[in-house]
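Structural overview for review
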Amino acid sequence: MPGRSYIYREPLGVTLIIGTWNYPLHLVVIPLIGALAAGNCAVIKPSEVAPNVSALIAKWLPKYLDSKAVQVMEGGVPETAALLREKWDHIFYTGNGTVGRIVMEAAAKHLTPVTLELGGKSPCIVDETADLDTTAKRIVYGRFFNAGQTCVAPDYVLVHEHVHDALVNRMSSAVREFYGDDPQQSPDFGRIINERHHARLTGLLSGADIVAGGQTDVSDLYIAPTILKNVKEDDPVMQEEIFGPILPVISVPSIDSAIAFVSRRDKPLALYLFARDKDVQNRVLAGTSAGGTTINHIFLHFGVPDLPFGGVGESGMGAYHGRRSFETFSHQRAVLKKPTFRDPPLIFPPYSARKLRWIKRLL
C-alpha cells in the first residue's frame, strides 16, 4: 500500500464456434453473443446435419453482423477438420464426446483453450416421497420434447420399487394426454433428424419390454414416444446417450442404490431428482456429480441466466449462459496500479538485521 488492484477483462481474440444439429440456431447464436460481448471475432461452423438451418445462418447472419468480425463456414467433416488445423484463441464446441476429443486434441497442438458442451446419459431419480402425478407429467414433457433430441433431456429413470408401477402407469397416461392416441398425428410431437439416427434408435427397441409406444415409420422419420420397463444396466439402450423419444425405466430398492447406480457411470450433463424429502435431496446432491441439477422438475436450470450451464468430466468442460458467456470468452487480466510516491528504503538492498526486524514488525 498504497495501491489499487483490479481485473481488466480483455477479449481472447479470434474464436471458433462449432454448433450441433438438435437446436441448430440457438446453439451457435448464444455462444456468439458471449463472444461478441467480450470483444472477440468469431467463425461460426453450423452443423451440416441440419442443412436448412446451416444455409439460413450462412445467408442471413452476414446481413446483420460485420463480416470483419463474424464469418460463417458451412460444410461437413473435411471443412471442420480444416478449421481445427488453424490456430484459434478459443474453441467452443457443442456435440458429443467422440468429436469433443478430436476438438480437444486439435486445440492442444496450439495450447488453445476449449469449452466443450457434450452430453451423456442424464439420470432422473424418483423417490417414493415424490408427487407421482406431477412427476409423471414433468418427466414425459422433458423426455419427449423435441422428440427426445435434447442434450439435457432425462435419459433414463431410476424409480423406487415401491412406486415403480404407479409411475409407469402415470407416465403412459401422460403420453396419451399430451400427444393423443396416435402421436404421429400430433402437431406437438417432433421427428428424428435423419434416417441414420432413426435406424440407430429403432435398433434400441429390439427385444425391449415396451410399456407405451414403440411404433416407427422411417418414411416420416417418426418414432412414437416410447417407455420401456424391466431394463437392465447392461442393455444396449443403457450404453450410450439415447437422444431420441425412448425412455428406459429401472426399478431400484432404495435411494442409496440409485446414487450408487449414477456414481459408477460417467458424470452426466444433468441430473434430475423428484423427492419431497429434503434429506433425500441433500443425500443425492452430496452423493452424485453432474453438470447441473433440477429438483422436482426437468431442465429448467438451463433457462436461468444467472446459473452457469456446462458439463463435468465426460459431459464437458467450461460453462456459459448469461454473464458466464462473457467470462468464458474473456481473459481476466490482473492489474496492480501504484502511485509514484517514493518507496520506503526497507524494500531495497542492502538488507540488514535492523531492516529485517522492521519488516517482521510491519508484517
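Reference entry: report on the structure contained in this document. (Residues numbered from 1 in each chain as written. Predicted model: local features only at pLDDT ≥ 70, side-chain atom pairs only at ≥ 80, totals over all residues. Heavy atoms only, no water.)

Taking a probe equal in size to a water molecule and rolling it over the atoms shows the remaining empty space. On inspection of all chains with the given rule, the structure shows 1 cavity of 30 Å³ or more. As a volume, the largest cavity reaches approximately 40 Å³. Every residue lining the largest cavity is listed: L27, T94, E117, C151, F302, F309 and Y320. Its residues assigned to classes, the lining of the largest cavity shows 5 nonpolar, 1 polar and 1 charged. (1 Å grid on protein atoms, 1.4 Å probe; cavity = no way out; pocket = protein on both sides within 12 Å on 5 of 7 lines; lining within 4 Å. Points joined across faces, edges and corners; volume = space filled by probe spheres on them. Nonpolar A, V, L, I, M, F, W, Y, C, P; charged D, E, K, R; others polar.)

Glancing now at the environment of H331. Tracing the backbone shows H331 in strand 17 (residues 330-337). The spatial distance from the C-alpha of H331 to the C-alpha of G13 is 9.6 Å, given a sequence separation of 318 residues. Beyond its immediate stretch of four places on either side in the chain, H331 contacts Y8, R9, E10 and L12. (Helix = DSSP H or I, 4+ residues; strand = E, 2+ residues; numbered from the N terminus. Contact = heavy atoms within 4.5 Å.)

Its place among the elements puts K63 in helix 2 (residues 51-64). A C-alpha to C-alpha distance of 38 Å links K63 and I223, two positions 160 residues apart in sequence.

If you walk across this open sheet you meet the 7 strands as 9-12-13-8-7-14-15, and the pairing is mixed. Of all strands in the sheet, those with a lone pairing partner are strand 9 (209-212) and strand 15 (292-295), marking the two edges. In this sheet, neighbouring strand axes are inclined to one another by 25 degrees on average, regardless of whether the strands run parallel or antiparallel. Bridge count for strand 8 (residues 156-160) against strand 13 (residues 246-252) is 4 bridges, and the pairing is parallel. Bridging across to strand 13, L158 finds its partner in I250. Packing of helix 6 (residues 164-179) onto the sheet brings it into contact with strand 7 (123-126), strand 8, strand 9, strand 12 (226-229) and strand 13, and relative to strand 13 it is tilted by some 165 degrees. Running over the sheet, helix 8 (residues 255-263) touches strand 7, strand 8, strand 13 and strand 14 (270-274) and is turned about 155 degrees from strand 8. (Pairing = 2+ DSSP bridges. Axes fitted to C-alpha atoms, helices over the stretch in contact; angles between N-to-C directions.)

With an omega dihedral of 5 degrees, the bond running from P349 to P350 counts as a cis peptide bond. Tracing the backbone through its elements, the reader meets P350 in the loop between strand 17 and helix 11 (353-362). Although it is not a glycine, N146 sits at a positive phi angle of roughly 55 degrees. Within the secondary structure, N146 is located in the loop between helix 5 (132-144) and strand 8. For N230, which is not glycine, the phi dihedral falls at a positive 55 degrees. Within the secondary structure layout, N230 lies in the loop between strand 12 and strand 13.

In total, this model carries 14 salt bridges according to the counting rule given. Between D256 and R283 there is a salt bridge whose closest N-O contact spans 2.9 Å. In this pair, D256 sits in helix 8 while R283 sits in helix 9 (residues 278-287), placing the two residues 27 residues apart along the sequence. The exposure class assigned to D256 is partly exposed, which follows from its relative accessible area of 47%. (Salt bridge = Lys/Arg side-chain N within 4 Å of Asp/Glu carboxyl O. Buried < 20%, exposed > 50% of the residue type's maximum accessible area, 1.4 Å probe, protein only.)

The next subject is the environment of R170. Along the chain, R170 turns up in helix 6. The partly exposed category is assigned to R170, whose relative accessible area is 34%. The spacing of R170 and R264 is 94 residues in sequence and 29 Å in space, taken between C-alpha atoms. Other than its neighbours up to four places away in sequence, R170 contacts L132, D133 and A136.

Pairing is mixed across the open sheet formed by 6 strands, whose spatial order is 4-3-2-5-6-16. The open sheet is flanked by strand 4 (70-72) and strand 16 (316-317), the only strands paired with a single partner. Of the strand pairs in this sheet, strand 5 (residues 90-94) and strand 6 (residues 114-117) are connected by 4 bridges, and their pairing is parallel. Opposite F92, over in strand 6, you have T115 as the bridge partner. Running at roughly 165 degrees to strand 2 (residues 14-18), helix 1 (residues 26-37) makes contact with strand 2, strand 3 (41-45), strand 4 and strand 5 of the sheet.

The next point concerns the packing of helix 8 against helix 9. Look at helix 8 against helix 9: their axes get within 10 Å of each other, and the N-to-C directions meet at 20 degrees. By the angle class used here, helix 8 and helix 9 are roughly parallel. Here the hand of the crossing between helix 8 and helix 9 comes out right-handed. Facing helix 8, whose interface residues are I255, D256, I259 and S263, helix 9 presents V280, R283, V284 and G287. Here the contact of helix 8 with helix 9 is built from residues that sort into 4 nonpolar, 2 polar and 2 charged. (Parallel < 35°, antiparallel > 145°, perpendicular 65-115°, else oblique. Left-handed = near helix turned anticlockwise from the far one by under 90°.)

Looking now at the state of the cysteines. Counted under the stated rule, the structure contains 0 disulfides. Of all cysteine sulfurs in the structure, the one in C151 sits closest to C124, which takes part in no disulfide; the separation is 16 Å. (Disulfide = S-S within 2.5 Å.)

A few words now on helix 8. For helix 8, every residue scored as buried is listed here: I255, A258, I259, F261 and V262. Across the axial projection of helix 8, the buried residues extend over an arc of 160 degrees, all falling on one side. (Arc of directions from axis to C-beta.)

This part is about the packing of aromatic side chains. Evaluated as defined, the whole model comprises 12 aromatic pairs. When the ring of Y141 is compared with that of F145, the centres are 5.8 Å apart and the planes differ by 65 degrees; the resulting orientation is edge-to-face. Taking 4.7 Å as the distance between ring centres and 80 degrees as the angle between the ring planes, the aromatic pair formed by F302 and F309 counts as edge-to-face. For F309, a relative accessible area of 4% gives the class buried. The rings of F92, F302, F309, Y320 and F329 are connected pair by pair, giving a single aromatic cluster. Positioned above the aromatic ring of Y156, the side-chain terminus of R265 is 5.8 Å from the ring centre. We note R361 situated over the ring of W358; from NZ or CZ to the ring centre the distance is 4.9 Å. (Phe/Tyr/Trp six-rings, centres within 6.5 Å; stacked < 30°, edge-to-face > 60°. Lys NZ or Arg CZ within 6 Å of the ring centre and 35° of its normal.)

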